[in-house]
Amino acid sequence: MDGALIVEGLLLLFLSEKHRIIGDGMTRYVSLRLMFERGELSEMPYSMVGPLFASPLYWLDRFVGPPLWWPERFNFFLFVFGLALMHRLLRPHVEPAV
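Residues numbered from 1 in each chain as written. Predicted model: local features only at pLDDT ≥ 70, side-chain atom pairs only at ≥ 80, totals over all residues. Heavy atoms only, no water.

Novice: Explain the overall build of the protein chain to me, please; I cannot follow it from the model alone.
Specialist: Counting secondary structure elements, the protein chain contains six helices and zero strands. Secondary structure of the protein chain in N-to-C order comes out as α-α-α-α-α-α. Its C-alpha radius of gyration of 17 Å places the protein chain more than 25% over the 13 Å reference for a compact globule of 98 residues. For the protein chain, the spread of C-alpha atoms along the three principal axes comes to 50 × 30 × 25 Å. Evaluated residue by residue, the protein chain yields a buried proportion of 20% over its 98 residues. Sequence separation of 24 or more characterises 38% of the internal contacts of the protein chain that already satisfy a separation of 6 or more. Surface exposure of the protein chain reaches about 7,700 Å², of which carbon and sulfur atoms provide 66%. One way to put it: in the protein chain the 9 positive side-chain charges average out to a point 4 Å from where the 10 negative ones average out. (Helix = DSSP H or I, 4+ residues; strand = E, 2+ residues; numbered from the N terminus. Rg over C-alpha atoms; globule rule 2.2 N^0.38 Å. Buried < 20%, exposed > 50% of the residue type's maximum accessible area, 1.4 Å probe, protein only. Contact = heavy atoms within 4.5 Å. Areas by Shrake-Rupley, 256 points an atom, 1.4 Å probe, with all protein chains shown as cover. Lys, Arg positive; Asp, Glu negative; His and termini not counted. Charge placed at Lys NZ, Arg CZ, Asp CG, Glu CD.)

This is how it looks when you write it as structure tokens:
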């Protein structure tokens, strides 16, 4: 039952939230594109760690769906991955009732 509520909440979040790239996200996305399409590293003042984690979404974006659809949802997918990882790590140590 609890798992179903979590999945419903995540689905509601996914469908109701307006996904977009804002702030330094567009700079990071352009830097990632520059790296993959031209083989150049940009001089941006931010780390490339986040964009490298988003690179699978960049490749999905190139071949599946409208432009920027997958990269705009990077934070949502990262959140879901974090929830799943916390569940996996904490499940043996926390009582199911908690």
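Novice: Mind showing me how you'd approach the nonpolar core here?
Specialist: General note: in soluble globular proteins, nonpolar side chains tend to be found buried as a group. With six residues, the main nonpolar core is built from Tyr 29, Leu 32, Met 35, Met 44, Met 48 and Tyr 58. Looking at this core element by element, the count peaks at three residues for helix 2 (residues 25-38). Look past the residues within four positions of Leu 32 in its chain and what remains in contact with it is Met 48, Pro 51, Leu 52, Ala 54, Ser 55 and Tyr 58. (Core = buried A, V, L, I, M, F, W, Y, C linked by side-chain atoms within 4.5 Å.)

Novice: Explain the pattern of salt bridges to me, please; I cannot follow it from the model alone.
Specialist: Side chains that carry opposite charge are capable of pairing whenever their charged atoms lie near each other. Considering all chains together, one arrives at four salt bridges under this definition. Its salt-bridge partner being Glu 37, residue Arg 33 comes within 3.3 Å of it at the nearest N-O pair. In this pair, Arg 33 and Glu 37 are both assigned in helix 2, four residues apart and thus about one turn of the helix distant. A relative accessible area of 42% places Glu 37 in the partly exposed class. The closest approach of N and O atoms between Glu 37 and Arg 62, which form a salt bridge, is 3.8 Å. (Salt bridge = Lys/Arg side-chain N within 4 Å of Asp/Glu carboxyl O.)

By themselves, these are just geometric observations and shouldn't be taken as functional.
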